[in-house]
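# Structural characterization, general
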Amino acid sequence: MKFRGKIVDVACLNHFTRVVTTISKLTKTCVLRLTPDNLFFVLSGKVANGGVGMWCELSQANFFDEYQMEGVSPEDNEILLEVTPENLSRALKTVQNAKAVKVKLTKKHCPCLTIAAELPTLSSVSRVVTHDVPVDIVPRRLWHEFKEPIMPDFDVSVYLPPLKTMKSVVDRMKNLSNFLVIEANLNGQMNLKIETDLVSVTTHFKDLGNPPWGDDAASPSRESEAMAEARVDVRRLQQFLVGQQVNPSRAMCNIVHQGVVHLILLHEDVSLQYFIPAVA
Amino acid sequence: MCLRFSAAMPLSTQSQADDEQYVLVASLDNARNLSNILKAITFKDHAIFNATPNGLKVTVEDSKCLQANAFIQAEIFQEFTIKEDLVGFQVNLTVLLDCLNIFGGSSVPGVSTALRMCYGGYGFPLTLFLEEGGVVTVCKINTQEPDEPIDFEFCSTNVTNKVILQSESLKEPFSELDMTSEVLQITMSPSQPYFRLSTFGNSGNAHYDYPKDSDMMELFQCTKTQTNRYKMSLLKPSTKALALSCKVSVRTDSRGFLSLQYLVRNDDGQICFVEYYCCPDEEVE
């Protein structure tokens, strides 16, 4: 197993760091899956995570100037590592000024992702900074848990409202209730609702638009006014919104009625999917 | 005190005809003109709302020794319609503030949340319609029968000492108050030290003196030397009101009861009042 990559473009380094930081806000640990063409940050929707799933896909060519990897075997040409994204984020933040940053899979006292960079100083001699971020190798027999999730058969797909507004509303709703209902229809309307003994609050978003997945994607006979809804743990939704540092080019929400909320954010070279299961 | 739940009120679009059902409708183009002043009296969960044709009075009390009132006159509202002489109810103030600030409550210039507050009368929830940038939020907050606010029997004829100060001069001392002191002592006198705030904490005693001819002193009417102590924990919340205000009047009566009245200007420069009444902790001669 071998992996070495090099980032030389400061914008790419910045962007990569931002992505890793966003992931670190979504989950404490996750799996980093390295393939010849892509990097994936994956959280499998296990009960231990509260059933929350995450799939973040980056095209390596958009970030790395040099990228070489050799997987577990020629047939299984991938490397899966369990990482704590915050450690990675912290290390990357310290090398933002570097001319080049190298990322390498190494074996110190344990397997590590080593981040190494030369930082400019006032004198002619550069300062070399090395961070060894410990990782766990995920054995081949567990790889099936980290496959690309299948797009759920959703009832409604809608574009999300401005994330900033959504975050303000969800932040306040979290003070009032543990659970929140997200509902949307094919008329571009979305409501966020909470209801407790003390108070009920409903925020109405309209004219959001519905993504054109194709006529056969959602059931064709569905009435445009009919709402599909899912009741979720408000902290999961808040966690997703807290992590968003950059405005995506496309933000969508697919709802499986009383099943799951599937959030999709598309940036130029990164896609992020987040699955929040519905609770009773 | 009984808790009443709302009948299932249909969420119809707001039209003038629907207002028939409400005994109180109050509208603001900028919800901050209500939420900011309410923040100045939020030290307990529950608040008593009393509305009259003159406007809104919101009362919060603590352990029968402290009362804070916020007054928002009818003229502050873009619309203020009341069908009875007195409409009263009690709500959870922290819930109300979360609702008023549902869109974030930050002061971005040019952006404000519009508010329409409606109350159907006894047994109905307090309904808020909030709108910002085309997004509408509807809140229904359960109400309770209002408690009777305490009458501290503080009347101007009984006032022994009164000063009016510019709030600027009190803001720093109040924010620095030694919280290890159990009491805040206020001395008012026609002679030295005129007006003095004192604390007695772990690091020692601290005194803040305000001479009667100070620039900050707008009015000085002290007839008798009085020193009174008030529980620090009771007065500390008044710091929020002080922070919002431009002027404060400090009055004590013959029993040593304290009245603090704050002149607050809202976002649009209009004037509202907040007052605090506090019982003395003990008599100090």
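Being a predicted model, the structure only gives us computed values, none of them experimental.

## Digging into a nonpolar patch on the surface
Together, M1, V72 and I137 of chain A give the surface a local cluster of nonpolar side chains, amounting to about 240 Å² of exposed area. In this fold, V72 of chain A is placed in the loop between β5 (66-70) and β6 (79-83).

## Quick notes on the packing of helix α1 (residues 32-39) of chain B against helix α2 (residues 93-100) of chain B
Residues and elements named next belong to chain B. The geometry of α1 relative to α2 is characterised by a closest axis approach of 10 Å and an angle of 145° between their N-to-C directions. Relative to α2, α1 is oriented so that their crossing is left-handed. Of the residues in α2, those touching α1 at L34, S35, L38 and K39 are L93, L96, L97 and L100.

## Concerning the sheet that holds strand β7 (residues 101-107) of chain A
All names here are of chain A. Here we have five strands laid out as an open sheet, ordered β5-β1-β7-β8-β9, and antiparallel in their pairing. Every other strand in the sheet has two partners, leaving β5 and β9 (127-134) as the edge strands with one partner each. Each adjacent strand pair in this sheet contributes to an overall mean axis angle of 15°, direction not counted. Pairing of strand β1 (residues 2-7) with β7, which is carried by four bridges, proceeds in the antiparallel orientation. Bridge pairing in β7 places G5 opposite V103.

## Observations concerning the packing of aromatic side chains
The final tally for this structure, using the stated rule, is 17 aromatic pairs over all chains. When the ring of F40 of chain A is compared with that of W55 of chain A, the centres are 4.8 Å apart and the planes differ by 40°; the resulting orientation is tilted. You can see F40 of chain A sitting in strand β3 (residues 38-43) and its partner W55 of chain A sitting in strand β4 (residues 53-59), a full 15 residues away along the chain. Comparing F40 of chain A with W55 of chain A, the two get one shared label, buried. An aromatic cluster is present here, built from F3, F16, F63, F64 and Y67 of chain A joined pairwise through their rings. The positively charged end of R33 of chain A is found above the aromatic ring belonging to F40 of chain A, 5.1 Å away from the centroid. Lying across the ring of F257 of chain B, R255 of chain B places its NZ or CZ 3.8 Å from the centre.

## Some words on the side chain of D62 of chain B
Looking at the element boundaries, D62 of chain B is found in strand β3 (residues 55-62). Apart from the residues lying within four places of it in its own chain, the contact partners of D62 of chain B are F43, K44 and L234 of chain B.

## Here's the deal with the sheet that holds strand β11 (residues 156-159) of chain A
Hydrogen bonds along the backbone pair up the strands of a sheet, which may run parallel or antiparallel. All names here are of chain A. The sheet built from nine strands is open, its strands ordered β10-β6-β2-β3-β4-β18-β17-β16-β11 with antiparallel pairing. Two strands lie at the open edges of the sheet, namely β10 (136-137) and β11, each paired on one side alone. In terms of strand pairing, β4 meets strand β18 (residues 270-277) through six bridges, oriented antiparallel. Across the sheet, residue E57 finds its bridge partner in β18, namely S271. Packed on one face of the sheet, helix α4 (residues 234-242) meets β17 (260-266) and β18 and runs near 170° to β18.

## Re the nonpolar core
One recurring pattern in soluble globular proteins: nonpolar side chains tend to sit buried together. Counting 152 residues, the largest nonpolar core has F41 and L180 of chain A together with L96, L128, F195, V274 and Y276 of chain B as its most contacted members. Per-element tally for this core: the top contributor is helix α1 (residues 10-26) of chain A, with seven residues. Two domains each provide a minimum of three residues to this core, namely domain 1 (2-141) and domain 2 (156-278) of chain B. The contacts of V274 of chain B, once residues within four sequence positions are left out, are I37, A40, I41, N69, A70, A241, L260, Q261, Y262 and V264 of chain B. Formed by eight residues, the second largest nonpolar core is a distinct cluster that contains F40, W55, W143 and F146 of chain A.

## What to know about the pairing of β5 of chain A
Residues and elements named next belong to chain A. Only one face of β5 is covered, namely the face carrying Y67 and M69; the face carrying E66, Q68 and E70 is uncovered. Bridge analysis of β1 against β5 gives five bridges, and the strand direction is antiparallel. When the bridges of β5 are listed, R4 appears paired with Q68.

## Some details on the interface of chain B and chain A
If you look at the interface, chain B gives 19 residues, while chain A gives 17 residues. The contact between chain B and chain A buries some 1,500 Å² in all, and 58% of this surface belongs to carbon and sulfur atoms. Interface area lost by chain B to chain A is led by D98, I102 and V135 of chain B, which between them contribute 30%. Here D98 of chain B and R172 of chain A are joined by a salt bridge, their closest N and O atoms 3.8 Å apart. At the boundary of chain B and chain A, one finds 10 residue pairs in polar contact (both at pLDDT 80 or more). Of all the secondary structure elements, the ones that give two or more residues to the side of chain B that touches chain A are α2 and β9 (135-141) of chain B. Examining the composition of the side of chain B that touches chain A, we find that seven residues originate from one element, β9 of chain B, more than from any other.

## Here's the deal with helix α3 (residues 167-176) of chain B
Residues and elements named next belong to chain B. Turning to α3, its buried residues number three or more, namely S167, S169, L170, P173 and F174. The arc that holds the buried residues of α3, viewed along the axis, is 145°, so those residues lie on one side. Seen from the open side of α3, the exposed residues pointing more than 90 degrees away from its buried face are E168, E172 and S175. Residues of α3 that are buried in the fold lie against β10 (159-166), β11 (183-188), β12 (195-201), β13 (204-210), α5 (238-244) and β16 (245-253).

## Some words on the domain arrangement of chain B
Residue and element names in this part refer to chain B. Each assigned domain of chain B is listed here: domain 1 (2-141) and domain 2 (156-278). Averaged C-alpha coordinates put domain 1 and domain 2 at centres separated by 30 Å. Of the residues lining the interface, 23 residues belong to domain 1; the matching set on domain 2 comes to 18 residues. Note on domain 1 versus domain 2: buried area summed over both sides is about 1,700 Å², and carbon and sulfur give 54% of it. For the domain 1 face of the interface with domain 2, the top three residues by lost area are N33, A40 and L66, together amounting to 28%.

Cut-offs and rules
Residues numbered from 1 in each chain as written. Chains lettered and ligands numbered in written order. Predicted model: local features only at pLDDT ≥ 70, side-chain atom pairs only at ≥ 80, totals over all residues. Heavy atoms only, no water. Patch = residues over 30% accessible without salt bridge, like charges linked within 9 Å, V, L, I, M, F, W, Y side chains within 5 Å. Areas by Shrake-Rupley, 256 points an atom, 1.4 Å probe, with all protein chains shown as cover. Salt bridge = Lys/Arg side-chain N within 4 Å of Asp/Glu carboxyl O. Helix = DSSP H or I, 4+ residues; strand = E, 2+ residues; numbered from the N terminus. Axes fitted to C-alpha atoms, helices over the stretch in contact; angles between N-to-C directions. Left-handed = near helix turned anticlockwise from the far one by under 90°. Contact = heavy atoms within 4.5 Å. Pairing = 2+ DSSP bridges. Phe/Tyr/Trp six-rings, centres within 6.5 Å; stacked < 30°, edge-to-face > 60°. Buried < 20%, exposed > 50% of the residue type's maximum accessible area, 1.4 Å probe, protein only. Lys NZ or Arg CZ within 6 Å of the ring centre and 35° of its normal. Core = buried A, V, L, I, M, F, W, Y, C linked by side-chain atoms within 4.5 Å. Domains from an automatic or database assignment. Buried area = accessible area lost by both parts, 1.4 Å probe. Polar contact = N/O pair within 3.5 Å; in protein donor to acceptor, adjacent residues only side chain to side chain. Arc of directions from axis to C-beta.

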